[in-house]
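An overview of the molecular structure
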Amino acid sequence: MSRHEPIINALERIGRILSESYDIEVIHRGIECYTDGRTIVLPAIPSGASEEFLNALEGKLDHEVGHLLPAGTDWNVLRRSSGEHNLLKWWVNVFEDARCDKLICKIWPGCRRNLTASMEWNIKYWLDDWDTCNDDEKAHRIAILISRDYEGKLSELPGGDAYRKFWEDKGILKAFQMAKEMESTLHSLALATWTMDSLFPTWRDDKDALSRLAGPDPADLDSFLDILKKMSGDGD
């Protein structure tokens, strides 16, 4: 038996459990990793894959499963960010990813090791194409590190510490710290909205933007506004 076979078997077993118990399909194709709430797409496993790659893949699967937990991602809420500013969408993703990682680690603490292996793999992959990335892509990757408690690895990415200093000067580092304490995707969206307000004060001059983002339920709007007030220091 190959020394990698236990990891491959574990990935296949988790895939079967998700399919049979939760009607979630796990497929391997390409190099991307994501879920839409019904399907988890993981990178294809190449022939002769290294143990490092397979451990990272297990972490990627754990991360995507976190989105599918009962308190995980609300896809209807997440889609609301798509119709607004492009940067709002990726700030929501940064905060929601951090929130869901905390959820799954609270249930299965062993997932932290897998998530760390996945992040270490990401850094190596990111460095390979760093020079061809635009500034938004670089900022997104650095924001991921900070929000998921990997600040110690910032120095491995060119400009990582400079981006952190910029966000610190803008007063938004507390958003990274608060992301893992958010109770829902709606709260992640509110946190992202506050972050956009702090970075780009005129980005939402449409007076109906907050109502669109919070959705039609008045209680959700109240909850959304509570997060904005708390982050601005106007709440308890």
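Here, every reference points to the structure presented above.
This section reports on the structure supplied with the text. This structure is a prediction, so every number in the text was calculated from the model and none was measured.

**Observations concerning the overall build of the protein**
Helix and strand counts for the protein stand at 11 helices and 3 strands. Of the regular secondary structure in the protein, the N- to C-terminal order runs α-β-β-β-α-α-α-α-α-α-α-α-α-α. Taking 236 residues into account, the globule formula puts the C-alpha radius of gyration at 18 Å, and the protein, at 18 Å, falls close to it. Judged by the C-alpha coordinates and their principal axes, the protein covers about 60 × 40 × 30 Å. Looking at the protein as a whole, 47% of its 236 residues are labelled buried. For the protein, the exposed surface amounts to about 12,400 Å²; the carbon and sulfur share of it is 50%.

**What about the packing of helix α4 (residues 86-107) against helix α5 (residues 111-128)?**
Where α4 meets α5, the axes come as close as 8 Å, and the angle between the chain directions of the two elements is 145 degrees. Contacts from D101, I104 and C105 in α4 reach C111, R112 and L115 in α5. Its residues assigned to classes, the contact of α4 with α5 comprises 4 nonpolar, no polar and 2 charged.

**A few points about the side chain of R141**
Within the secondary structure, R141 is located in helix α6 (residues 135-147). The buried category is assigned to R141, whose relative accessible area is 12%. Filtering out sequence-adjacent residues up to four positions away, R141 remains in contact with W126, D129, W130 and C133.

**As for the pattern of salt bridges**
Tallied over the entire structure, the rule returns 17 salt bridges. Close ionic contact of E52 with K124 constitutes a salt bridge, the shortest N to O distance being 3.2 Å. One end of the pair, E52, is in helix α2 (residues 51-67); the other, K124, is in helix α5, and 72 residues separate them in sequence. In this structure E52 comes out as partly exposed when scored by relative accessible area, which is 38%. Residue R212 pairs with D206 through a salt bridge whose shortest N-O separation is 2.7 Å. A relative accessible area of 32% means that D206 is categorised as partly exposed. Each of E84, D206 and R212 takes part in salt bridges that share partners, so that together they form one network.

**A short note on helix α11 (residues 218-232)**
With 15 residues, α11 ought to run about 21 Å at 1.5 Å a step, and its terminal C-alpha atoms sit 21 Å apart, in line with that. Burial in α11 covers these residues: F224, I227, L228 and M231. Seen end-on, α11 carries its buried residues on one side only, within an arc spanning 95 degrees. Residues of α11 that are buried make contact with α8 (173-179), α9 (185-199) and α10 (209-214). Between a side-chain oxygen at the N-terminus of α11 and the backbone nitrogen of A219 the separation is 2.8 Å; the capping residue is D217. Downstream of α11 by a residue or two, G233 has a phi angle that is positive, lying close to 85 degrees.

Procedures and definitions
Residues numbered from 1 in each chain as written. Predicted model: local features only at pLDDT ≥ 70, side-chain atom pairs only at ≥ 80, totals over all residues. Heavy atoms only, no water. Helix = DSSP H or I, 4+ residues; strand = E, 2+ residues; numbered from the N terminus. Rg over C-alpha atoms; globule rule 2.2 N^0.38 Å. Buried < 20%, exposed > 50% of the residue type's maximum accessible area, 1.4 Å probe, protein only. Areas by Shrake-Rupley, 256 points an atom, 1.4 Å probe, with all protein chains shown as cover. Axes fitted to C-alpha atoms, helices over the stretch in contact; angles between N-to-C directions. Contact = heavy atoms within 4.5 Å. Nonpolar A, V, L, I, M, F, W, Y, C, P; charged D, E, K, R; others polar. Salt bridge = Lys/Arg side-chain N within 4 Å of Asp/Glu carboxyl O. Expected span 1.5 Å × (residues − 1). Arc of directions from axis to C-beta. Polar contact = N/O pair within 3.5 Å; in protein donor to acceptor, adjacent residues only side chain to side chain.

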